[in-house]
Amino acid sequence: MSHYSPIAETCKHLILIIGALIVFLPFYVMVSYSLKSPKEIETNTGGFWGAQAPMVNQYCVKLGNPVDQCTTTPIVFNYTSAFNKAPLLRYLLNGVIVTLSIFIIQVIISMPAAYALSKLRWRGREAVFNLILFSLLIPVHAIALPLYLMLSKAGLVNTYAALVIPWTISVFGIFLMRQFFKTVPDDLIDAARLDGMSEFSIVWRVMLPTAVPALIAFAIFSVVAHWNDYFWPRIVITGNQNLFTPPLGLREFRGGADGSDWGPMMATATVIVIPLIVAFLIAQKKFIGGITLTGMK
Amino acid sequence: MRKILSAITIAVCASTPVHAVDIEVGYPYSHLFNVTFEKMMKDFSQQHPDINVKFRAVYEGYEEGTNIILREAISGNLPDITMQGLNRQAILVEKGIARSLEPFIAKEANFTKEGYHQAMLELGSFNNEVYGLPFSISLPVGYYNMDMMKKAGIEKLPENWSEVIAACQKLRANGVKNPVFWGWNITGNWFMQSLLWTQDTPIIKDGKFNIDNQEGLIALNTMKDIFRGCEMKNLAWKEALSSFAAGEVAMMYWSTSALGSVERAKGDFEMKTHEFPGINGKPKGLPAGGNAALLVSSSNDPERLQAAWTFLKFITSGVGAAAVAETTGYMPPNKAANEIILRDFYTQNPNKETAVRQLPLLREWMAYPGDKGLAVTQVIYDGMERIVVDEQNDMKALQKELIEEVGELLPQ
Amino acid sequence: MSYRVRSVFKQTVDYPHQGAAVFMVFPAITLMIIILLIPVLVALVFSFSSYSLGSNHFEWVGLDNYQRLFSRSNYQKMFSATFTYVAIVVPFSVVLGLGAALLIHSLRFAQDFYKTIYFLPVMASLLAMAIVWEFTLHPTIGLINDTLASGCDISWLYHLLTGSWYGVDPTNSWYGNGCMRGFPLWLGNKNYALWTVAFISIWQAFGFNMVLYLAGLSSISRDLYNAADMDGALSSWSSFWLVTWPMLGPTTVFVVTITMIRSFQVFDTIEVLTKGGPVKSTYVMMYAIYEKAIQQNLVGMGSAITILFLAFVMVLTIVQRWLVERKVHYS
């Protein structure tokens, strides 16, 4: 496409802008409603920011408190409800604990295995590699049920262990690392061997530093997937709120059939969605590069 | 909310150097009961600073509550106390998850004096032993948006379903797009059981699914007539409640339980409740809705069990029951509450009295025998849904299908 | 040297790192067996039973569960819902992803801006977004129906959208009907529910495909276009068809497979928004497994659906592998 036509360019932008509006709509709704009072939400008024007129919190009145103690602005009401009605900070903390643990364990397990499969010659290598290829066919979500049964019999349901264990084996991670390690020149490894390094320390001292781009890509996939995972925690965590991950925390808010919970619910959704989005905006080139890298295989 | 409750209890506990016992409690329907428990805990923490109550994540509904308790029983992390739908107590008693309350009642000096009367205790009794103390009782009622009804020229509130359908036509002619919502999708097939009890028929008889008769067919046909005659929309119940509160639905048939929540959320229109319409004349019976508090603690620590019993008694006693009536539309199952604390309450809140007037019709909310109660509920739910969305118009065929499928799931 | 000694010697020479390698893959293999392979066997075993978690008796029922899967109308709806859903989501997400990538790739400026916006949904929690969409799609107070309803009062817009300006009876048109009787229940109407859920998934997923296609596009060398151009002025359409599309082959296979497997696994939106309804029109396989095995404690049935599900996914992945092999051989 060597010619440049301003009409064509404008058309492309027009289409893309319309698309962007549709894509962005829910984010707009979410943030806007987290700033509005129940009346404004029900009647769709108030623009983006909401009028921020003082509103009376009916729930608080029902509890027997005087009306003026129960009057506040919508944004304060929504966000304080979000953090008070349920331990939202705890949920966020759980999200961090769970995703971090999963990723660290995944790296510990997959790096050595990937190294052995790519850089070492040993008997059984082909067999193990085929086993890995076969396991790639089994998505963990598909076997959630038997996993749940097994964990239940082991008495591990409703624990951090249950949230983390099924994800510790990342066949995809092994595959990714192996592909990457194959591109590392052998001389580097031979030099390390000559220096007297054990194979094990070669993995962590030599391969790890060179694999940082692939690790970042792997981290992105892993963290995003497990921060947002709803299905598995839903099955495995029943009543113990202290173990709720952010999506489970958000779901709690849907119990409200009275309109006054819409605002806090949107505020919770905003709080849960913000961390990843902010991280993404800061490092978007790395993010997209990471996805691309893993996509190539 | 839980943080506030824990903060209150911790603050009160911290001020008295007493050894505190921890108990864990689970309850359903946050939009109904959050405010109730928050209100009760203030008094409870003052009277019992030595008991530390921790609330579990609120169950989405009765079905989910039962499912969670069953799973927690297997994985070994049951709470101490759980509120379960009246029709879901049986399976917990059967599996030995719920503990008999007789030993605790025996130790009480004046149990009946405190207002626990026989009819209410029956709702939580199995094999002549009390397992559950009823916490909140409800009955189906009709909610009416009087502004919309008057505008359409409807002066008298309907007494039977034919009158309801006639009212629908009038409302529709008057420009109302969504005249009625009939709560077919309420938990535990409660409304199906309502139509059957209206004809004095239980849904389970001798352990078998009892719709293979004239009454069953009439129930299905009544549903079909209402859905078709009123062109009722397939709203989820949460959507329906918020639609009614927003003034879009004129007549809503639902449990009286949501009354408190709807009153808090509704717009500026006059709302009245009225008796649940009958099929030919008044209903002969209606299933009791609501939940009971069960002791499911797996601990054997006598102190803990005693603390749990204290909490159980508190929430179902006069003060607790009064809080239930004040914050929701449920009826307190405690005589003391009714006679002592709430004497003027019903004159001030006539809408909440409708359910109380229907009390003589109270019947059992039947549980489905065997292990697969939740699956049976889903089958019947699916059947009713097919009528709502116009996918099933042959009620005789539907009747046969339901009998066959449910029969497979019930113990032979 | 004897054969024995020679082979041992050869082994130590050929495989000097045997010990280290085995040590390094051991944890991975153990976990793979425990977490991936054994559960498949467990599911297989249970699929031939009528087991319930917590019950103390275990009964074999042979092929009963599978028989029900292929005869009961609920399960027929399950298959139809799952396959319809996949058939809607995959083409749309792939085509939209490709379209967006092509448009953005050819822009002179603001590429990063569009890339960022279109990728945002992928990062956001699907559950949070599904709830926001649910609210936006609320039959009366949701933004979409509310906006549609306010158009009813603007007379020129009303006439335009109902087609009454060229003689159509307004109450017969979709819009006119909506104005009179209320706009559709996007999640409550069996004709719309699956499409609505599919729309939410496409909204979320196509950004991911867009990024993959952008990567693919940037790896196509300019020389190819120049070579094709040498035979005369090349229109955009033919340059796409002759150069871009074939070169994107492997990317397309990857994108299609990933999208397909992910759409088979849809759960979040269904559990939160429709619970398989209305009348099982969104009763996809993952939700059916959850409903049968976890909610209703019919583990045998849930296991049977699991095995079928696994079979579908495996077949899909193998077909993808095979297609990639073929493409590699061709190019």
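Residues numbered from 1 in each chain as written. Chains lettered and ligands numbered in written order. Predicted model: local features only at pLDDT ≥ 70, side-chain atom pairs only at ≥ 80, totals over all residues. Heavy atoms only, no water.

1. Quick notes on the overall build of chain B
Within chain B, the regular secondary structure consists of 19 helices and 15 strands. For 412 residues, the compact-globule estimate of 2.2 N^0.38 gives 22 Å, and chain B sits close to it at 22 Å. Based on the C-alpha atoms only, the size of chain B along its principal axes is roughly 70 × 55 × 35 Å. Relative to its 412 residues, chain B shows a buried fraction of 64%. Sequence-distant contacts in chain B: of pairs separated by 6 or more residues, those separated by 24 or more amount to 79%. Accessible area of chain B: about 14800 Å², with a carbon and sulfur share of 50%. Mean positive and mean negative side-chain charge positions of chain B (40 and 49 charges, respectively) differ by 3 Å. (Helix = DSSP H or I, 4+ residues; strand = E, 2+ residues; numbered from the N terminus. Rg over C-alpha atoms; globule rule 2.2 N^0.38 Å. Buried < 20%, exposed > 50% of the residue type's maximum accessible area, 1.4 Å probe, protein only. Contact = heavy atoms within 4.5 Å. Areas by Shrake-Rupley, 256 points an atom, 1.4 Å probe, with all protein chains shown as cover. Lys, Arg positive; Asp, Glu negative; His and termini not counted. Charge placed at Lys NZ, Arg CZ, Asp CG, Glu CD.)

2. A word on the sheet that holds strand β11 (residues 249–255) of chain B
All names here are of chain B. Sheet architecture is open: four strands sit in the order β8-β11-β7-β12, paired in mixed fashion. The sheet is open, and its two borders are formed by β8 (178–182) and β12 (271–275), each paired with just one other strand. In this sheet, adjacent strand axes meet at a mean angle of 20° when their direction is disregarded. Sheet analysis places strand β7 (residues 140–145) next to β11, joined by five bridges and oriented antiparallel. Within β11, the position partnered with P140 by the bridge is S255. (Pairing = 2+ DSSP bridges. Axes fitted to C-alpha atoms, helices over the stretch in contact; angles between N-to-C directions.)

3. Things to note about the pattern of salt bridges
Under the definition given, this model contains 30 salt bridges over all chains. In this structure, E271 of chain C engages R234 of chain A in a salt bridge whose closest nitrogen and oxygen atoms are separated by 2.9 Å. With one member in each of two chains, E271 of chain C in helix α14 (residues 268–274) and R234 of chain A in helix α13 (residues 231–236) form a pair that bridges those chains. What makes E271 of chain C buried here is its relative accessible area of 1%. Overall, R234 of chain A belongs to the buried group, its relative accessible area being 8%. Across the salt bridge formed by R357 of chain B and E275 of chain B, the nearest N and O atoms sit 3.0 Å from each other. Taken as a pair, R357 of chain B in helix α17 (residues 350–357) and E275 of chain B in strand β12 lie far apart in primary sequence, 82 residues in all. (Salt bridge = Lys/Arg side-chain N within 4 Å of Asp/Glu carboxyl O.)

4. Things to note about helix α6 (residues 126–136) of chain C
Along α6 of chain C, 11 of the 11 residues are buried, which leaves the element largely enclosed by surrounding structure. The complete set of buried residues in α6 of chain C reads L126, L127, A128, M129, A130, I131, V132, W133, E134, F135 and T136 of chain C.

5. Quick word on unusual backbone geometry
Here the bond from G277 of chain C into P278 of chain C is cis, since omega is -15°, no more than 30 degrees from zero. For P278 of chain C, the position within the fold is in the loop between α14 and α15 (285–295). At D206 of chain B, a residue that is not glycine, the phi angle is positive and equals roughly 55°. Tracing the backbone shows D206 of chain B in the loop between β9 (204–205) and β10 (208–209). Look at E231 of chain B: it is not a glycine, yet its phi comes out positive at around 50°. For E231 of chain B, the location among the structural elements is in the loop between α10 (214–230) and α11 (237–245). Here E231 of chain B falls in the partly exposed class, since its relative accessible area comes to 38%.

6. Regarding the interface of chain C and chain B
The interface is formed by 28 residues belonging to chain C together with 25 residues belonging to chain B. Its largest share of buried area at the contact with chain B, chain C owes to R181, V279 and Q296 of chain C, together 22% of the area lost on that side. In this structure, K77 of chain C and E391 of chain B form a salt bridge, with 3.0 Å as the shortest nitrogen-oxygen distance. Here chain C is connected to chain B by nine residue pairs in polar contact (both at pLDDT 80 or more). (Buried area = accessible area lost by both parts, 1.4 Å probe. Polar contact = N/O pair within 3.5 Å; in protein donor to acceptor, adjacent residues only side chain to side chain.)

7. Structural notes on the domain arrangement of chain A
Residues and elements named next belong to chain A. Domain assignment breaks chain A into domain 1 (6–84) and domain 2 (88–294). Measuring from the centre of the C-alpha atoms in domain 1 to the corresponding centre in domain 2 gives 34 Å. Listed by partner, the interface residues are 14 residues for domain 1 and 16 residues for domain 2. Carbon and sulfur atoms supply 82% of the area buried between domain 1 and domain 2, which totals about 1200 Å² over both sides. Contact with domain 2 buries area across many residues of domain 1, yet M30, A82 and F83 alone supply 42% of it, more than any other trio. At the surface where domain 1 touches domain 2, the tally comes to zero salt bridges. Our count for the domain 1 to domain 2 interface comes out at zero residue pairs in polar contact (both at pLDDT 80 or more). (Domains from an automatic or database assignment.)

8. A word on the packing of helix α1 (residues 6–33) of chain A against α6 of chain C
Relative orientation and spacing of two packed helices are given, respectively, by the angle between their axes and the distance between those axes. At their nearest, the axes of α1 of chain A and α6 of chain C sit 9 Å apart, and the two run at 85° to each other. In terms of orientation, α1 of chain A lies roughly perpendicular with respect to α6 of chain C. Side by side, α1 of chain A and α6 of chain C meet where L25, P26, F27, V29, M30 and Y33 of chain A of the first sit next to M129, V132, W133, F135 and T136 of chain C of the second. Grouping the amino acids of the contact of α1 of chain A with α6 of chain C by side-chain chemistry returns 10 nonpolar, one polar and no charged. (Parallel < 35°, antiparallel > 145°, perpendicular 65-115°, else oblique. Nonpolar A, V, L, I, M, F, W, Y, C, P; charged D, E, K, R; others polar.)

9. Remarks on the nonpolar core
Counting 317 residues, the largest nonpolar core has I169 of chain A together with F37, W182, M251, Y253 and F311 of chain B as the members making the most contacts within it. With near-sequence residues (within four places) excluded, F37 of chain B lies in contact with L5, Y27, F55, M83, F135, F311 and I315 of chain B. The next biggest cluster of nonpolar side chains, apart from the first, holds 13 residues, and it includes L78, V93, Y131 and L294 of chain B. (Core = buried A, V, L, I, M, F, W, Y, C linked by side-chain atoms within 4.5 Å.)

10. Re the domain arrangement of chain B
Residues and elements named next belong to chain B. When the domains of chain B are assigned, the result is domain 1 (19–138 + 289–363) and domain 2 (140–287 + 368–409). Taken together, the contact pairs 27 residues of domain 1 with 34 residues of domain 2. Across the domain 1-domain 2 interface, the total number found is four salt bridges. At the boundary of domain 1 and domain 2, one finds 20 residue pairs in polar contact (both at pLDDT 80 or more). If you list the elements that add at least two residues to the side of domain 1 that touches domain 2, you get α2 (30–47), α3 (62–75), α17 and β15 (362–363). A per-element tally of the side of domain 1 that touches domain 2 places α17 first, with five residues.

11. Describing the interface of chain A and chain C
Many authors give the size of an interface as the accessible area that is lost as the parts come together. Of the residues lining the interface, 94 residues belong to chain A; the matching set on chain C comes to 91 residues. Taking both partners together, chain A and chain C bury about 8700 Å²; carbon and sulfur atoms supply 77% of that area. Considering only the surface of chain A that becomes buried against chain C, L16, L137 and L145 of chain A emerge as the three largest contributors, covering 8% of it. There are two salt bridges connecting chain A and chain C. With a shortest N-O distance of 4.0 Å, R251 of chain A and E271 of chain C are connected by a salt bridge. At the boundary of chain A and chain C, one finds 12 residue pairs in polar contact (both at pLDDT 80 or more). For the side of chain A that touches chain C, the per-class residue count stands at 68 nonpolar, 13 polar and 13 charged.

12. Quick look at the environment of T316 of chain B
Residues and elements named next belong to chain B. For T316, the position within the fold is in helix α13 (residues 302–316). Separated by 18 residues in sequence, T316 and N334 place their C-alpha atoms 7.0 Å apart. Other than its neighbours up to four places away in sequence, T316 contacts Y116, L133, P134, F135, A321 and N334. Reaching out from T316, the side chain makes a polar contact with the backbone oxygen of L312 at a distance of 2.8 Å.

13. Some points on the confidence of the model for chain A
Looking at chain A as a whole, the pLDDT averages 82, with 89% of positions reaching at least 70. The secondary-structure element of chain A with the lowest mean pLDDT is helix α3 (residues 58–62) of chain A, recorded at 64, while helix α8 (residues 160–164) of chain A shows the highest, at 93. (pLDDT = per-residue confidence, 0-100.)

14. Points about the sheet that holds strand β1 (residues 21–26) of chain B
Residue and element names in this part refer to chain B. A sheet is described by the order of its strands in space; here five strands give the open sequence β2-β1-β3-β14-β6, paired in mixed fashion. Edge strands, defined here as strands with exactly one partner in the open sheet, are β2 (51–55) and β6 (132–138). Ignoring strand direction, the axes of neighbouring strands in this sheet form an average angle of 25°. When β1 meets β2, the two strands line up parallel, connected through five bridges. When the bridges of β2 are listed, E24 appears paired with K54.

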